[in-house]
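The residues making up each chain are set out below.
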Amino acid sequence: MQLNDKIYIAGHRGMVGGAIKRRLQTLGYNNLLTRSSVDLDLRNQAAVDEFFASEQPDYVFLAAAKVGGIYANNTYRAEFLYDNLMMEANIIHAAYKHGVKKLMFLGSSCIYPKMAPQPLTEDSLLTGPLEITNEPYAIAKIAGIKLCEAYRDQYGCNFISVMPTNLYGIGDNYHPENSHVLPALIRRFHEAKEAGKPSVAVWGSGTPRREFLFADDLAAACVYLMLHYDGKELVNIGTGEDLSIKELAETVKDVVCYDGKIVFDASKPDGTPRKLMDVSKLHSLGWKHTTELKEGLVQAYADFLKKRHMAVS
Ligand SMILES: NC(=O)C1=CN([C@@H]2O[C@H](COP(=O)(O)OP(=O)(O)OC[C@H]3O[C@@H](n4cnc5c(N)ncnc54)[C@H](OP(=O)(O)O)[C@@H]3O)[C@@H](O)[C@H]2O)C=CC1
Ligand SMILES: C[C@H]1O[C@H](OP(=O)(O)OP(=O)(O)OC[C@H]2O[C@@H](n3cnc4c(=O)[nH]c(N)nc43)[C@H](O)[C@@H]2O)[C@@H](O)[C@@H](O)C1=O
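Residues numbered from 1 in each chain as written. Chains lettered and ligands numbered in written order. Predicted model: local features only at pLDDT ≥ 70, side-chain atom pairs only at ≥ 80, totals over all residues. Heavy atoms only, no water.

### Looking at the site of ligand 2
With respect to spatial proximity, 22 residues lie near ligand 2, and among them Ser108, Asn166, Arg188, Pro269 and Asp270 are the closest. One nitrogen or oxygen atom from the main chain of isoleucine 70 is found 2.8 Å from an oxygen atom belonging to ligand 2. Separating an oxygen atom of ligand 2 from a side-chain N or O atom of asparagine 166 is a distance of 2.8 Å. Relative to its unbound accessible area of 690 Å², ligand 2 is 98% covered by the protein chains. Every element with two or more residues in the shell around ligand 2 is listed here: helix 3 (70–75), helix 6 (181–195) and strand 7 (199–203). (Near = heavy atom within 4 Å. Polar contact = N/O pair within 3.5 Å; in protein donor to acceptor, adjacent residues only side chain to side chain. Areas by Shrake-Rupley, 256 points an atom, 1.4 Å probe, with all protein chains shown as cover. Helix = DSSP H or I, 4+ residues; strand = E, 2+ residues; numbered from the N terminus.)

### Some remarks on a nonpolar patch on the surface
Nonpolar side chains collect at one region of the surface, where Leu81, Leu85 and Ile139 lie side by side and expose about 200 Å² of accessible area between them. Structurally, leucine 81 is set in helix 4 (residues 77–97). (Patch = residues over 30% accessible without salt bridge, like charges linked within 9 Å, V, L, I, M, F, W, Y side chains within 5 Å. Salt bridge = Lys/Arg side-chain N within 4 Å of Asp/Glu carboxyl O.)

### With respect to the site of ligand 1
By nearness alone, 26 residues border ligand 1, and Arg13, Val16, Ser37, Tyr137 and Lys141 come closest of all. One nitrogen or oxygen atom from the main chain of methionine 15 is found 3.0 Å from an oxygen atom belonging to ligand 1. One nitrogen or oxygen atom from the side chain of tyrosine 137 is found 2.5 Å from an oxygen atom belonging to ligand 1. Contributions of two or more residues to the shell around ligand 1 are made by helix 1 (15–26), helix 5 (135–155) and strand 6 (166–168). Along the lines of polarity and charge, the residues of the shell around ligand 1 split into 13 nonpolar, 9 polar and 4 charged. (Nonpolar A, V, L, I, M, F, W, Y, C, P; charged D, E, K, R; others polar.)

### Things to note about the pairing of strand 4 (residues 102–106)
With 5 of 5 residues buried, strand 4 lies mostly within the body of the structure. Side chains Lys102, Met104 and Leu106 of strand 4 all project onto a buried face; the interleaved residues Leu103 and Phe105 project onto the opposite face, where all are buried too. Pairing between strand 3 (residues 59–62) and strand 4: 4 bridges, direction parallel. Within strand 4, the residue paired with valine 60 across the bridge is leucine 103. Sheet analysis places strand 4 next to strand 5 (residues 159–164), joined by 4 bridges and oriented parallel. Across the sheet, the residue bridging to phenylalanine 105 is serine 161, located in strand 5. With respect to chirality, the unit in which strand 4 leads through helix 5 into the neighbouring parallel strand 5 is right-handed. (Buried < 20%, exposed > 50% of the residue type's maximum accessible area, 1.4 Å probe, protein only. Pairing = 2+ DSSP bridges. Right-handed = clockwise from strand over helix to strand, strands pointing away.)

### Brief notes about the sheet that holds strand 2 (residues 32–33)
In spatial order, the strands read 2-1-3-4-5-10; together these 6 strands make up an open sheet with parallel pairing. Strand pairing shows two members of the sheet lacking a second neighbour, strand 2 and strand 10 (235–237), which therefore form its edges. As judged from the 3 bridges shared by strand 5 and strand 10, these two strands associate in the parallel manner. Looking at the pairing, valine 162 lines up with valine 235 of strand 10. Against the sheet, helix 5 makes contact with strand 4 and strand 5, and its axis sits at roughly 155° relative to strand 5, the strand it touches most. (Contact = heavy atoms within 4.5 Å. Axes fitted to C-alpha atoms, helices over the stretch in contact; angles between N-to-C directions.)

### Overview of the pattern of salt bridges
Using the criterion set out here, one finds 21 salt bridges in the structure. Between aspartate 242 and arginine 274 there is a salt bridge, with its nearest N and O atoms 2.6 Å apart. Here aspartate 242 is found in the loop between strand 10 and strand 11 (243–244), whereas its partner arginine 274 is found in the loop between strand 12 (261–265) and helix 9 (280–284), with 32 residues between them in sequence. Ionic pairing is found between lysine 307 and aspartate 303, a salt bridge with its closest N-O pair at 2.8 Å. Of the two residues, lysine 307 and aspartate 303 both sit in helix 10 (residues 293–312), 4 residues apart, roughly one turn of that helix. Using a relative accessible area of 5% as the deciding quantity, one classes aspartate 303 as buried. A single salt-bridge network, built from bridges that share partners, covers Arg209, Asp242, Glu247 and Arg274.

### Overview of the UniProt feature "domain: NAD-dependent epimerase/dehydratase" (unreviewed entry) in the protein
UniProt records the feature "domain: NAD-dependent epimerase/dehydratase" (unreviewed entry) at residues 7–238, using the numbering of this structure. Across residues 7–238 one finds 43% helix and 16% strand; the C-alpha atoms that close the span lie 24 Å apart. (UniProt positions renumbered as here; feature names shortened; annotations may be inferred.)

### Some remarks on the packing of helix 6 against helix 8 (residues 245–256)
When two helices pack together, their arrangement is given by the angle between their axes and by how far apart the axes lie. At a minimum axis separation of 9 Å, helix 6 and helix 8 run at an interaxial angle of 45°. One finds that helix 6 runs oblique with respect to helix 8. As for how helix 6 packs across helix 8, the hand of that crossing is right-handed. On helix 8, the residues that touch Val181, Leu182, Leu185, Ile186, Phe189, His190 and Lys193 of helix 6 are Ile245, Leu248, Ala249, Val252, Lys253 and Val256. Considered class by class, the residues forming the contact of helix 6 with helix 8 number 10 nonpolar, 1 polar and 2 charged. (Parallel < 35°, antiparallel > 145°, perpendicular 65-115°, else oblique. Left-handed = near helix turned anticlockwise from the far one by under 90°.)

### Section: the environment of isoleucine 70
Relative to the helices and strands, isoleucine 70 resides in helix 3. Judged by its relative accessible area of 22%, isoleucine 70 is partly exposed. A C-alpha to C-alpha distance of 18 Å links isoleucine 70 and leucine 213, two positions 143 residues apart in sequence. Each residue touching isoleucine 70, except ones within four places of it in the same chain, is listed here: Thr133, Trp203, Pro269, Asp270 and Gly271.

And the structure:
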């Protein structure tokens, strides 16, 4: 990937797309192509084809998707399947049709079977049933992986697939119901502190375990792999360390400086008991994360406060 190559970041306004854009600019890649969903609805095949025909990107980071936490995935099941299938199919086909040199598809750790041996290796894909709460999203992501593989097999396309673990950081989604656990807890502990509430409810039992990677670290991994990896096989991207939801809640409580109690709401789903990624392949390719959870949480909370202040001013 040369500095003057035209690089399309699908989903540049999102947490991951924004981090990839920052990373590319830091490295001197300034021929960047972006469109918001208002200007280009990626579910519209004709619009996507026309966009690729007129813009002719050389590289594509496919970070656009319908994304959310366990409640959103389990509530908007049709949208998570349809929107993600349409976006990925349209972009992957247009990339082939219009001669894109290389495309990176972003999947997710939820593609692996609910009870697969931990840590999750890339070859455990399709070896068992999926977690029900995010099965539509997972099926869409698996289809994206298979599309990239099939276009490589039939047309020789250099399309690679990476599987990020749970992510957080600058520009995260803090929606009270639809967000992922980490941003949800930042917001809930902050609002409880502001309101002087005696306790904060955390969904589920607190026993599931999750791995969290700072989004700017993910972006660095994505650019690194776009530059150095051309294989057909998946690459997991994570930290290789996890913690329980209870431990996460206690850490967020400390970062936000909330002094009330934590209570667990058993009426909410736990989801997958654990999804720790095996990142030995990523490490063997020469990349390792640098931002540890506590440091990333401090940066994420600062970003949350900045955006909140901007929203009310
Ligand atoms: N967040 C996480 O924990 C994880 C995320 N991932 C993957 O990383 C990628 C990015 O996730 P993340 O940044 O968190 O998600 P965000 O929700 O922050 O961003 C999603 C982006 O997709 C765009 N988008 C959604 N629907 C459409 C549409 N119909 N047409 C055009 N653009 C659309 C949005 O554009 P706009 O803002 O213009 O509307 C937005 O910029 C996704 O592929 C996701 O599956 C993988 C693992 C974990
Ligand atoms: C990245 C991955 O992320 C999603 O999977 P998930 O990791 O299960 O999603 P989550 O972050 O929403 O929840 C993790 C855990 O956290 C607990 N939990 C506690 N309190 C809150 C809470 O307030 N909000 C949420 N959302 N969860 C909470 C919750 O009960 C569960 O045990 C996939 O849908 C899919 O998007 C995907 O690929």
